[in-house]
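# Structural characterization, general
Here are the chains, one letter per residue:
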Amino acid sequence: MSTLPACPQCNSEFTYEDGDNLVCPECAHEWPRHAAEPTDTAKVYRDSAGNVLQDGDTVTVIKDLKLKGSSGVVKMGTKVKNIRLVDADHDIDCKIDGFGAMSLKTEFVRKV
Ligand SMILES: [Zn+2]
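Residues numbered from 1 in each chain as written. Predicted model: local features only at pLDDT ≥ 70, side-chain atom pairs only at ≥ 80, totals over all residues. Heavy atoms only, no water.

### Some remarks on the coordination of the zinc ion
Within the protein, Cys7 (SG), Cys10 (SG), Cys24 (SG) and Cys27 (SG) serve as the donor atoms for the zinc ion, at 2.3 Å. Seen from the zinc ion, its four donor atoms lie at angles of 106 to 115°, and the figure they make is tetrahedral. Relative accessible area serves as the criterion here: at 35%, Cys10 is assigned to the partly exposed category. (Donors = N, O, S within 2.8 Å, 3.2 Å for Na, K, Ca; no water. Tetrahedral: all angles 85-135°; square planar, octahedral: opposite > 155°, others 65-115°. Buried < 20%, exposed > 50% of the residue type's maximum accessible area, 1.4 Å probe, protein only.)

What follows is the structure, encoded as structure tokens:
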């Protein structure tokens, strides 16, 4: 049997699982199961090949990327140093020589 946390309201140990919630049969308190667990949900960023990326990594661009709002193209094979991972649609913040500050997607790069 798995050990479930005691009820936070009455301290009963007879809590049981009901879907994503935990339920206390003694005081009828109901609470989300995951609130009791440590919040260890750091997002893992992976490049196109599945390598884990970290802040400060160097990557190369794996395909030509057109820049929004300009005619510039970041060429395949462009090296990008010192990336910063952000929780956004374009999840890499970086600076590229000749282009300045940019946002890229992890799926279009590969760790060097
Ligand atoms: Zn209770």
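### Looking at the layout of surface pockets
By volume, the largest pocket is sized at about 280 Å³. Forming the boundary of the largest pocket are Leu65, Lys66, Leu67, Lys68, Ser70, His90, Met102, Ser103, Leu104, Lys105 and Phe108. Where the lining of the largest pocket is concerned, the elements lending two or more residues are strand S7 (65-66) and strand S12 (100-104). In terms of residue count, the dominant contributor to the lining of the largest pocket is S12 (three residues). (1 Å grid on protein atoms, 1.4 Å probe; cavity = no way out; pocket = protein on both sides within 12 Å on 5 of 7 lines; lining within 4 Å. Points joined across faces, edges and corners; volume = space filled by probe spheres on them. Helix = DSSP H or I, 4+ residues; strand = E, 2+ residues; numbered from the N terminus.)

### With respect to the nonpolar core
In terms of nonpolar packing, the biggest core is built from 16 residues, with Leu53, Val80, Ile83, Ile92, Cys94 and Leu104 touching the most fellow members. Put simply, the parts of the chain that give this core at least two residues each are strand S6 (59-61), strand S11 (92-96) and S12. Broken down by element, the residue count for this core peaks at three residues, all from S11. Discounting residues that sit within four places of it in the chain, Cys94 has contacts with Val80, Ile83, Gly100, Ala101, Met102 and Leu104. (Core = buried A, V, L, I, M, F, W, Y, C linked by side-chain atoms within 4.5 Å. Contact = heavy atoms within 4.5 Å.)

### A closer look at the domain arrangement of the protein
For the protein, the assigned domains are domain 1 (6-37) and domain 2 (56-109). Here the C-alpha centroids of domain 1 and domain 2 sit 46 Å apart. (Domains from an automatic or database assignment.)

### Examining the UniProt feature "domain: Protein YjdM N-terminal" (unreviewed entry) in the protein
UniProt marks residues 3-32 with the feature "domain: Protein YjdM N-terminal" (unreviewed entry), using the numbering shown here. Across residues 3-32 one finds 0% helix and 30% strand; the C-alpha atoms that close the span lie 16 Å apart. (UniProt positions renumbered as here; feature names shortened; annotations may be inferred.)

### Quick notes on the sheet that holds strand S3 (residues 30-32)
Strands sit in the order S1-S2-S3 across an open sheet of three strands; the sheet is antiparallel. Every interior strand has two partners, whereas the edge strands, strand S1 (16-18) and S3, have only one. On average, adjacent strands in this sheet sit at an angle of 35° to one another, irrespective of strand direction. Across three bridges, the pairing between strand S2 (residues 21-23) and S3 is antiparallel. Considered in S3, the bridge of Leu22 is made with Trp31. (Pairing = 2+ DSSP bridges. Axes fitted to C-alpha atoms, helices over the stretch in contact; angles between N-to-C directions.)

### So, the side chain of Asp91
Mapped onto the elements, Asp91 comes out in the loop between strand S10 (84-85) and S11. Here Asp91 is buried and forms no salt bridge, its nearest opposite-charge partner Lys43 lying at an N-O distance of 4.2 Å. (Lys, Arg positive; Asp, Glu negative; His and termini not counted. Salt bridge = Lys/Arg side-chain N within 4 Å of Asp/Glu carboxyl O.)

### With respect to the sheet that holds S12
Sheet strands pair by backbone hydrogen bonding; their relative direction is either parallel or antiparallel. What the three strands build is an open sheet, ordered S10-S11-S12; its pairing is antiparallel. The open sheet has two free edges, formed respectively by S10 and S12, since each of these has just one partner strand. Pairing of S11 with S12, which is carried by five bridges, proceeds in the antiparallel orientation. The partner of Ile92 across the bridge, within S12, is Leu104.

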